[in-house]
Amino acid sequence: MAIHKIEKMICSPFSKGIFWVFISQELKSEPWLMERSWAVDFDSVTETGWDVERTKEAIRFKLMLPAGQEASLRYDQGSGTLSYLLDAELVLTQVSHPQTKRNWLVVKKQLPRPGDVRVFGLGENTPPMNKAGQTIVMWNMAPLMYKMGTTPLYQSYPVVIYQYVDGPAFGLVFDNPCYSVFKFSEDGKRMSYYVRDMELNYFILLGPTLPEVMEQLTSLTGRPAPLPKWSLGYQQSRWSYAPSERVREIAASFRDRDIPCDAIYLDIDYMDHYKSFTWGEGFEDYRELIDDLHARGFKVITIVNPGLKVEHGYKPYKNGLSKGIFIVNKDGGYVTRSVWPGQCHFPDFLDPSVQKWWGEMISEFVKPGVDGISCDMNEPTTFDLRRTLPCDAIQKLSGTEKFSHEKVHNLYGMLMTRATYEGLLKVTRLPFILTRSAYLGNQRYSATWTGDNYSSWEHLRASIPMILNLGLSGQPVSGPDIGGYYGGPTPELYERWILQGALFPFSRTHSRRNTKDQEPWSFGEQVENSARKAIKLRYQMLPYFYSLLYGANQNGQLIMRPVFYHAPTESALNPEFYETEFLIGPHLLLAPLMDTAPTRMFYLPPGVWYSWWNGNKIEGDRVFQTNASEDGNLPLFVRENAIVPLYPEPPSFIPDCSLKALEIMVPLTGEAQGEVVEYFDRESLLAYDVVFTLQGNHIRGKITQKTKGRVPSEYHPPEILKILVNHSIQNVEFISAAREFSVQPEPGRKSWTLVTVNDAALSLEFSLVIS
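Residues numbered from 1 in each chain as written. Predicted model: local features only at pLDDT ≥ 70, side-chain atom pairs only at ≥ 80, totals over all residues. Heavy atoms only, no water.

Chemist: Help me understand unusual backbone geometry, please; the structure alone is not making it clear to me.
Modeler: Keep in mind that most residues, glycine aside, have a negative phi and that most peptide bonds are trans. Cis geometry marks the peptide bond from Ala 242 to Pro 243, where omega comes out at 0 degrees. Here Pro 243 is to be found in the loop between β19 (235-236) and α2 (244-256). In the segment running from Glu 379 into Pro 380, the intervening peptide bond is cis, with an omega of 0 degrees. Position of Pro 380 among the secondary structure elements: in the loop between β25 (372-375) and β26 (394-398). (Helix = DSSP H or I, 4+ residues; strand = E, 2+ residues; numbered from the N terminus.)

Written as structure tokens, this is what we have:
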């Protein structure tokens, strides 16, 4: 890396589309954050394509972006400003030299470019989604019954995404895990960043489109981990389902009522007096319970907390003492704070040897068949007045390298998650972890949820913008507690929540103890029917969700995307629409009903769209009103030339193998290309490249199988392939060996046809003859 020292800054191209700046009070020393990060891999630096020009007045770094624009970063010696120019237009500038005083470092930015801009990202924060005019704090905490405007929350993603109306997008990433504050002007064009530290890595993401910003962000902080396909299914949780017979009752009810579900959570009441890595009263038969749930197609996810009880007969505590794994106070004694089991010590996850120790504990604990881990209370949260560990507690990196807890506080949850991930990797190729607390780059290890929300219409409406901003901060798999954690939803509220929540990237109902039952059937027949319909739709769409997850793993593109993601029009950047509707990948748009009214106004982005339910064609870039009689209270639309893989019949759960049949929905007006992923992990892939082309009265189709690595033998091509197209089909002509097939009109979708090919044996090439 070519280092360029300027005043209190060091700057350099980091990679294509990313520029690195390091700020320190004293550049002569060896700062701990320079070329070190828990979120960024400095070994991945490449300066290919960058040019550097030096004059007496300035240093200029230039890069040609993929679409042909010239990006340049210019440092002016006289004014001390660092500016970003796109095609010679000034879009972002750093105001004067960074300030470092009184244990605070301050960076100020402004946007000189004319036009309206929105400010997104900043991780887990409540609406409004646009952070212009807001103050956001990064300091992982667990607030009680958080409200709109509460800051900080459980997770810290110091990522700022700017999107101009009908203009460019670009971003800033501030990689420091200490206490920090963002302040934005009312118009979003001035930002001040304050961090309680004397050094900082930050990065400029050059864009200039939102998909390119996301690719740059995730190339910087890491791509999402591969997840098991079942983890994209619907999940059910409560504090707590206990004893074990109650868990069995819940599982049986899902199957008896024909409501798909893949996972049931065991919250802290499965433990012996809330002690992690134990099984307690009412769960003495935990091995038989796990076997029973597996026999019904359920996965078992257990909660684990970091605080280990100070109890000499408690094996994890005794073992931890012998290995010196706990955080100490400034006097050298172990930090002791009260949590669920009582007085606890806390593992020092900053220390790699502690991470390894924790991973070994996890891999041993899950051996009876536990399928996933939920990491909770890992902000870390305690029950004392300050609600977390003391800032002057000491954490050890390695050897004699030590830091105050304040300096690394926001890392705690992510490092616990990473240790858990590494432990699960010893027993499974595809770990599943859910974490409440996280930091920049957490997507490499786990999914997240938005914490202890409330059963209110306000929190329902907060779900979409919170998930979207987490996605725009690099975390693509997240969701709320459907129905709310505190309180109890009315039937109308739960119905609206499950209808949209069934199509969130992470879909789970979860509720607190001492609240009413909150299963999908707990609110009467009408709500149960709506929940069944929505969850079955999710299961029909699981191949599409899974293919999107693979896309996120490969190039950082989001599963759930804001309506302005591909076309930042003025209407798309209206909060009336971007806070209440969303894209699922590039091809589907959901505009859920947000209150008890039977209709709503919504915006369709540019292009041709089709109603999911009746196949009617709609021209986009306009505002519409829903028709409840046509959309069944779930307004869903598919974009032209989409490739949408589906299960023809939604299963009750996702097995650890391929299903027999696959359906591909293709609303074709020209050419459609896509990738359907059947299985992937860190080394292996089974997928199909799909191309459909409309040529006169023929639709040319080609499906090509591709594999990589060692795919488990249980995964294989479908025996039956169904193709759903928006044309009347008369015949099928196979280019290679003939196949048995049938052609039928699609009920409910006028002029659509369902073609069924038996013994598909992909790869496959054919022509659909239009009648």
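Chemist: Please clarify how the packing of aromatic side chains should be interpreted in this entry.
Modeler: Both the distance between ring centres and the angle between the ring planes are used here to describe each pair of aromatic rings. Overall, the coordinates contain 54 aromatic pairs when judged by the stated rule. Centroid distance Trp 20 to Phe 22: 6.5 Å. Interplanar angle 35 degrees. Geometry classified as tilted. With respect to burial, Trp 20 and Phe 22 carry one shared label: buried. The interplanar angle of 75 degrees and the centroid separation of 6.3 Å between the aromatic rings of Tyr 146 and Tyr 154 together place this pair among those described as edge-to-face. Both residues of the pair, Tyr 146 and Tyr 154, belong to the buried class. (Phe/Tyr/Trp six-rings, centres within 6.5 Å; stacked < 30°, edge-to-face > 60°. Buried < 20%, exposed > 50% of the residue type's maximum accessible area, 1.4 Å probe, protein only.)

Chemist: Can you walk me through a negative patch on the surface in this structure?
Modeler: Taken together, the side chains of Asp 116, Asp 166, Glu 186, Asp 187 and Glu 570 define an acidic patch exposed on the protein surface. By the secondary structure assignment, Glu 570 is in the loop between β34 (560-561) and α12 (575-578). Given the relative accessible area of 59%, Glu 570 is considered exposed. (Patch = residues over 30% accessible without salt bridge, like charges linked within 9 Å, V, L, I, M, F, W, Y side chains within 5 Å. Areas by Shrake-Rupley, 256 points an atom, 1.4 Å probe, with all protein chains shown as cover. Salt bridge = Lys/Arg side-chain N within 4 Å of Asp/Glu carboxyl O. Lys, Arg positive; Asp, Glu negative; His and termini not counted. Charge placed at Lys NZ, Arg CZ, Asp CG, Glu CD.)

Chemist: What's the story with the pairing of strand β3 (residues 18-24) in this structure? I'm lost.
Modeler: The buried fraction of β3 is high, at seven of seven residues. On β3, burial covers both faces: Ile 18, Trp 20, Phe 22 and Ser 24 on one face and Phe 19, Val 21 and Ile 23 on the other are all buried. Here six bridges tie strand β2 (residues 9-15) to β3, and the two strands are oriented antiparallel to one another. Looking at the pairing, Ile 10 lines up with Phe 22 of β3. Linking two consecutive strands that pair antiparallel, namely β2 and β3, is a turn of two residues; a positive phi of about 85 degrees is found at Gly 17 within it. Relative to strand β18 (residues 199-205), β3 is paired through seven bridges, and the arrangement is antiparallel. Of the residues in β18, the one forming a bridge with Phe 19 is Ile 204. (Pairing = 2+ DSSP bridges.)

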